[in-house]
Amino acid sequence: MEGGDSVTQLMHAFGEAQVNVADGYPRWVFTRSQQAIVDKLPEFMQAAQTTPYPTLEARAQRALLHPLGQVTAPIGTGRVLSYYAAGVAIDIVGRCLAARTSTVGVVHPTLDCLPALIRSRGPRVIPVSEARLRRRDPLAGLEPIGGLYIVHPNNPTGVVLDPDELRKLAEACARRNVVLAVDACFRIFDPAAQYDTYAVLDATGVDYVVIEDTGKLWPLGGVRLSFLAFSQHSTLRVPEASADLLLMAPPFSALVVEAFASDMAAGGMATIHDRIAANRKLLSAALDGSTAGRLADGASKVSMSLVRLADGRSSTRLWGRLLRRGVHAVPGRPIWWARPRDGERYLRVALAREPEIVERAAREIRAELDAG
């Protein structure tokens, strides 16, 4: 296996005999082609000082978005802004929505930091189920909202709306003057989400923002970019809301993202898909035959797995017992943020790891489930 010695280093990074399958950031070793990029980082440092930033930014945006099918993303129009992290972009969306409305719908379930960030800006946040998003008129019967935030594909369920479902949702928002925010940070993991989102949204006339991100793609130690795109007729004043940021997106990061995105388009995306699928199979095999827990991923292809616990089991208790075994996962309560009790049925396991790490975590999860 490539970089076998680095697997041990990754394990040691979380403490002796500890395993991190909690956070969504990738923690696997570089492929050979990625290592070749890393070897050129000094050259990127020099280029970052001599190349105009708008050129670097547009190249990075195009290198990432076009291979993911987003060929009509408004690159070069001033309607795609770059940030150094997705959390900053999400906070900007929350700030803009707060200036426009007092109530925002957020998909449920999803990671609790998303509704928390929006709520911190002032709006009241209400849950909107994944099933509702697929209705003919997704907003019919829902209390009035001024903004709707969805994650597509969702984290951690992996739910994806097909183009027709997204069109109906966008049309429902347009009819009611609701801003639609699409968090596409996990787009790379599922080809079903790689149709041209911008073409679908633009055709409906909806006021939208789309968040794209590289933070979950490559193990770059925090070097990443997040892009925030908005509709031509946007009422959100995204550039004005971003004007007081002390740091947007470093030019060095733009060069690194461009290089890794080009590698992704040249076969790296398939490698990511294969790695995630193989690790999902490892976790599923470890749970095979258990009456206490099973994989509940369905058709999900995102870099997370959900373990569904048997009735009467608590993922919070399981999480605590796994911590004593040196395994860090995520209980479901924060993900089912509006109905934490429902989340007690699920444990989230990150899959963007070397297989040895997922296999170790899977063994410990199975051992705790069998222990009762």
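Residues numbered from 1 in each chain as written. Predicted model: local features only at pLDDT ≥ 70, side-chain atom pairs only at ≥ 80, totals over all residues. Heavy atoms only, no water.

Can you lay out the overall build of the protein chain for me, pointing to particular residues and giving the numbers?
A tally of regular secondary structure across the protein chain gives 14 helices and 13 strands. Reported as C-alpha extents along the three principal axes, the dimensions of the protein chain are approximately 55 × 55 × 35 Å. Across the protein chain, the fraction of contacts at a sequence separation of at least 24, relative to all contacts at a separation of at least 6, is 74%. Of the roughly 15,200 Å² of accessible surface on the protein chain, 52% is carried by carbon and sulfur atoms. Across the protein chain, the mean location of the 43 positive side-chain charges is 6 Å away from that of the 39 negative side-chain charges. (Helix = DSSP H or I, 4+ residues; strand = E, 2+ residues; numbered from the N terminus. Contact = heavy atoms within 4.5 Å. Areas by Shrake-Rupley, 256 points an atom, 1.4 Å probe, with all protein chains shown as cover. Lys, Arg positive; Asp, Glu negative; His and termini not counted. Charge placed at Lys NZ, Arg CZ, Asp CG, Glu CD.)

So what's going on with the side chain of Ser314? Residues and values would help.
As for its placement among the helices and strands, Ser314 is situated in the loop between β10 (304-309) and α12 (315-324). Within polar-contact distance, the side chain of Ser314 engages the backbone nitrogen of Thr316 at 3.3 Å. In contact with Ser314, not counting residues within four places along its chain, are Leu309 and Glu344. (Polar contact = N/O pair within 3.5 Å; in protein donor to acceptor, adjacent residues only side chain to side chain.)

Explain the sheet that holds strand β2 (residues 80-83) to me, and be specific about the residues and the numbers.
Spatially, β2-β8-β7-β6-β5-β3-β4 is the arrangement adopted by the seven strands of the open sheet, whose pairing is mixed. If you trace the sheet from one side to the other, it starts and ends with β2 and β4 (124-129), each paired once. Ignoring strand direction, the axes of neighbouring strands in this sheet form an average angle of 20°. Across four bridges, the pairing between β2 and strand β8 (residues 226-230) is antiparallel. What sits directly across from Leu81, in β8, is Leu228. (Pairing = 2+ DSSP bridges. Axes fitted to C-alpha atoms, helices over the stretch in contact; angles between N-to-C directions.)

Tell me about the pairing of strand β7 (residues 208-213), and name the residues and values.
In terms of burial, β7 is a largely internal element, six of the six residues being buried. By the alternation rule, side chains of β7 split into Tyr208, Val210 and Glu212 and Val209, Ile211 and Asp213, which are all buried. Sheet analysis places strand β6 (residues 179-183) next to β7, joined by four bridges and oriented parallel. Residue pairing across strands places Val182 opposite Val210, the latter belonging to β7. As a crossover connection, the stretch from β6 through helix α9 (residues 197-204) into β7 is right-handed. The pairing of β7 with β8 spans five bridges and is antiparallel. (Buried < 20%, exposed > 50% of the residue type's maximum accessible area, 1.4 Å probe, protein only. Right-handed = clockwise from strand over helix to strand, strands pointing away.)

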